[in-house]
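Notes for the structure review
These are the residues of each chain, in order.
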Amino acid sequence: SVALRDDGTVVTWGEHRWAQRDDAPTSGRFVSIACGEYHSVALRDDGTVVTWGDHMRAQRDDAPTSGGFVAIACGDHHSVALRDDGTVVTWGDHRRSQRDDAPTSGGFVAIACGDYHSLALRDDGT
């Protein structure tokens, strides 16, 4: 389990059989957290993304290292982040085509993930 405290710190607890708590951030100010099946993602107040937990299905591969993000979401073994310019970045597992046809243009205002799929909402409502 993961929680975001009102002071912006992250707390983890619970099962650790699949390394869910490995490398969890212990400092910094965070504004959002998201959890996959065995991995987690947090968004810092400076727009950077932090990932931790299991990596057996590439959950942490290609995670963004730059800033400029405003939202995050997790599927079972993949993650999505929304940049402040309206573009979408995906990373992690791709065994069930979770990352196929990820949008490459901008104009998005919201993101969400299911177990093996992702969604992005455009600024025109589509």
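Look up: the structure comes first, before these words.
Parameters and conventions
- Residues numbered from 1 in each chain as written.
- Predicted model: local features only at pLDDT ≥ 70, side-chain atom pairs only at ≥ 80, totals over all residues.
- Heavy atoms only, no water.
- Helix = DSSP H or I, 4+ residues; strand = E, 2+ residues; numbered from the N terminus.
- Rg over C-alpha atoms; globule rule 2.2 N^0.38 Å.
- Buried < 20%, exposed > 50% of the residue type's maximum accessible area, 1.4 Å probe, protein only.
- Contact = heavy atoms within 4.5 Å.
- Areas by Shrake-Rupley, 256 points an atom, 1.4 Å probe, with all protein chains shown as cover.
- Lys, Arg positive; Asp, Glu negative; His and termini not counted.
- Charge placed at Lys NZ, Arg CZ, Asp CG, Glu CD.
- Pairing = 2+ DSSP bridges.
- Axes fitted to C-alpha atoms, helices over the stretch in contact; angles between N-to-C directions.
- Disulfide = S-S within 2.5 Å.

**What about the overall build of the protein chain?**
- Within the protein chain one finds zero helices and ten strands.
- When the elements of the protein chain are put in sequence order from the N terminus, they spell out β-β-β-β-β-β-β-β-β-β.
- Its C-alpha atoms give the protein chain a radius of gyration of 14 Å, near enough to 14 Å, the size a compact globule of 126 residues would have.
- Reported as C-alpha extents along the three principal axes, the dimensions of the protein chain are approximately 40 × 35 × 20 Å.
- The proportion of buried residues among the 126 residues of the protein chain is 40%.
- Residue pairs at least 24 apart in sequence account for 37% of intrachain contacts in the protein chain once pairs closer than 6 positions are excluded.
- If you sum the accessible surface of the protein chain, you get close to 6500 Å²; carbon and sulfur atoms cover 45% of it.
- Of the side chains in the protein chain, 12 bear a positive and 20 a negative charge, and the two mean positions are spaced by 5 Å.

**Here we look at the sheet that holds strand 5 (residues 49–53)**
- Read across the sheet, three strands follow the order 3-4-5 without closing on themselves; strand pairing throughout is antiparallel. On the outer flanks of this sheet lie strand 3 (30–35) and strand 5, each paired with one strand and no other. In this sheet, adjacent strand axes meet at a mean angle of 20° when their direction is disregarded.

**Section: the state of the cysteines**
- Evaluation of the coordinates by the stated rule reveals zero disulfides.
- The thiol of C35 is unpaired, and the distance to the nearest cysteine sulfur, on C74, comes to 6.7 Å.
- C113 takes part in no disulfide bond, and the closest cysteine sulfur, belonging to C74, lies 6.7 Å away.

**A look at the sheet that holds strand 6 (residues 69–74)**
- Spatial ordering of the open sheet is given by 6-7-8, a layout of three strands whose pairing is antiparallel. Both edges of this open sheet fall to strand 6 and strand 8 (88–92), since each of them pairs with a single strand only. Pairs of neighbouring strands in the sheet enclose a mean axial angle of 20°, with direction left out of account.
- Note: strand 7 (residues 78–83) against strand 8, five bridges, orientation antiparallel. Residue pairing for strand 8: V80 is matched across the bridge by T90.

**Regarding the pairing of strand 10 (residues 118–122)**
- Two strands pair when backbone bridges link them, and strand 9 (residues 108–113) and strand 10 are joined in this way by five bridges, in the antiparallel orientation. When the bridges of strand 10 are listed, I111 appears paired with A120.
- In textbook terms, the turn of a hairpin is the stretch between consecutive antiparallel strands, and for strand 9 and strand 10 this stretch comprises four residues.

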